[in-house]
Amino acid sequence: MSLAAKTDDLLNLARSRAPADRERLLLSIVDLCDAGDAAAGLMTSQPIQALLNSIFMSLVVEAERDIRRRLSEKLSSAQWAPAALINVLALDDIEIARPVIAGSPVLKDHDLVRLLVEATIEHQIEVARRPNIGPPVVAAILQQSEPAVLTALAGNVSAALSEHDMQRLVKAAERTAALRSPLSRHPALSDDLARRLYLWVGQALRQSLVARFRLDPTELDAALAASVREAHAGASLEEDDPVLARDGEREEMERRLIAKLNGAGQLRAGYLMRALKEGRLTLFLAGLATLGRFEETQVRRAVDSDRPELLALACAAVGIDRSAFPTILTKVRELNGGKPGGGSEGARRASGAFGPFEPHIAGAAFRQTVNPG
């Protein structure tokens, strides 16, 4: 098929609102990523660029998890990929985000620094592992001083590390045992820093440092004997434990993702359905609160109550159809320990929340009911 024919085919699919055609469009773009220079020329053509900018985000927001993962893998090296799309994929679940964080040329230093501030530890580790990260990204990692992220940085020999950066990493190695091995092998480690690191590493790494830098082990062992008590007191015996996410960090990342989608005009009721399907209750709640302009505490109070009609009112307020609510209620109960309660009778009452009135009426009723008085 010629480039002109491919262009016409993509544009025709883009004009269709049928779900099957929307998925075909996304998969066609994914497949073009493997088609070489000819496809690259197609993707940078003016009609296709207009297509990408107008609908690509909405396609991805509504796409299934597997398609988002495939798209992330295919777009990880694409120069032409829309920046807004790549940034949304970079904030997705880590298995989806990893390819674009690791390799997308669209992500610039300021995008990577934002991920270090907004995303989970897993995302931050991938940023620290990204090849050839620049000084602004390195500075942000060192400033945050997350042990697992520092360890990933120490293992990234392509990162732009200055002598001062190496000094900070070696100093952090006194407290963080996981840093010591990658630092001992780092090509930027100097003689002076090797001597300092020698005081905190185990016997095997000491032998490696002595051999690499031709250090005097007698002199260093004397220094070690003088400082071993202080060093052991400051060392953490738990540094090698698996990294656990900080409390609430995933919820905060999901709030930021919802805010980004909302700001781009891409947050819709269908996205809430997808969040529940993927088992992401907090993402659903944050999205529902944002779409309905509710307080998150109001939405949480509704789903923790014994009155499913409150959740139904909130859903009606954001344009969710009555026919979809039984599925929503079932999924929320599965993810929220059986709440909202009320059983089958409560579900029957909830159906009345989708009465013959406008969404803003349902929203007003929700606010009044969830905050009586």
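Residues numbered from 1 in each chain as written. Predicted model: local features only at pLDDT ≥ 70, side-chain atom pairs only at ≥ 80, totals over all residues. Heavy atoms only, no water.

Engineer: Would you explain the nonpolar core in this entry?
Structural biologist: The nonpolar side chains of a soluble globular protein tend to be buried, and buried together. Counting 103 residues, the largest nonpolar core has Leu153 and Phe284 as the members making the most contacts within it. Dropping the residues within four chain positions of it, Leu153 is found in contact with Ala128, Ile133, Val138, Ile141, Leu142, Ala159, Leu161 and Leu169. (Core = buried A, V, L, I, M, F, W, Y, C linked by side-chain atoms within 4.5 Å. Buried < 20%, exposed > 50% of the residue type's maximum accessible area, 1.4 Å probe, protein only. Contact = heavy atoms within 4.5 Å.)

Engineer: Explain empty space enclosed by the protein to me, please; I cannot follow it from the model alone.
Structural biologist: Leftover empty space is mapped by rolling, across the atoms, a probe with the size of a water molecule. Counted under the stated rule, the structure contains one cavity of 30 Å³ or more. Estimates place the volume of the largest cavity at around 60 Å³. Lining the largest cavity, in full, are Val60, Val61, Arg68, Val88, Leu89, Asp92, Leu257, Leu261, Tyr271 and Arg274. Elements with a minimum of two residues in the lining of the largest cavity: α4 (46-62), α6 (83-90), α17 (249-263) and α18 (269-277). Here the lining of the largest cavity is built from residues that sort into seven nonpolar, no polar and three charged. (1 Å grid on protein atoms, 1.4 Å probe; cavity = no way out; pocket = protein on both sides within 12 Å on 5 of 7 lines; lining within 4 Å. Points joined across faces, edges and corners; volume = space filled by probe spheres on them. Helix = DSSP H or I, 4+ residues; strand = E, 2+ residues; numbered from the N terminus. Nonpolar A, V, L, I, M, F, W, Y, C, P; charged D, E, K, R; others polar.)

Engineer: What should I look at first to understand the environment of Arg175 in this one?
Structural biologist: Among the structural elements, Arg175 can be located in the loop between α12 (163-172) and α13 (180-185). Overall, Arg175 belongs to the partly exposed group, its relative accessible area being 44%. Sequence-wise, Arg175 and Pro147 are 28 residues apart; in three dimensions their C-alpha atoms are separated by 9.1 Å.

Engineer: Looking at this structure, how should I read the pattern of salt bridges?
Structural biologist: Any two side chains of opposite charge can pair, so long as their charged atoms come close to each other. If you walk through the whole model with that rule in mind, you get 24 salt bridges. Where Arg69 meets Glu73, a salt bridge forms, and the shortest distance between an N and an O atom there is 3.1 Å. With Arg69 and Glu73 both in helix α5 (residues 65-75) and four residues apart, the pair spans about one turn of that helix. On the basis of relative accessibility, which here comes to 30%, the residue Arg69 falls in the partly exposed class. (Salt bridge = Lys/Arg side-chain N within 4 Å of Asp/Glu carboxyl O.)

Engineer: What exactly am I supposed to notice about the packing of aromatic side chains here?
Structural biologist: Here the distance between the centres and the angle between the planes together describe a pair of aromatic rings. Enumeration over the complete set of coordinates arrives at two aromatic pairs. Taken together, a centroid distance of 4.5 Å and an interplanar angle of 45° make the contact between Phe294 and Phe366 tilted. A residue pair is termed long-range when its members are at least 10 positions apart, and Phe294 in the loop between α19 (281-292) and α20 (296-303) and Phe366 in helix α24 (residues 359-370) qualify at 72 residues. Judged by its relative accessible area of 7%, Phe294 falls in the buried class. Judged by its relative accessible area of 1%, Phe366 falls in the buried class. Between Phe325 and Phe354, the ring centres sit 5.5 Å apart and the planes meet at 55°, which makes this aromatic pair tilted. Of this pair, Phe325 sits in helix α22 (residues 325-335) while Phe354 sits in the loop between α23 (343-351) and α24, placing them 29 residues apart in sequence. The ring of Tyr198 carries Arg206 above its face, with NZ or CZ at 5.9 Å from the centroid. (Phe/Tyr/Trp six-rings, centres within 6.5 Å; stacked < 30°, edge-to-face > 60°. Lys NZ or Arg CZ within 6 Å of the ring centre and 35° of its normal.)

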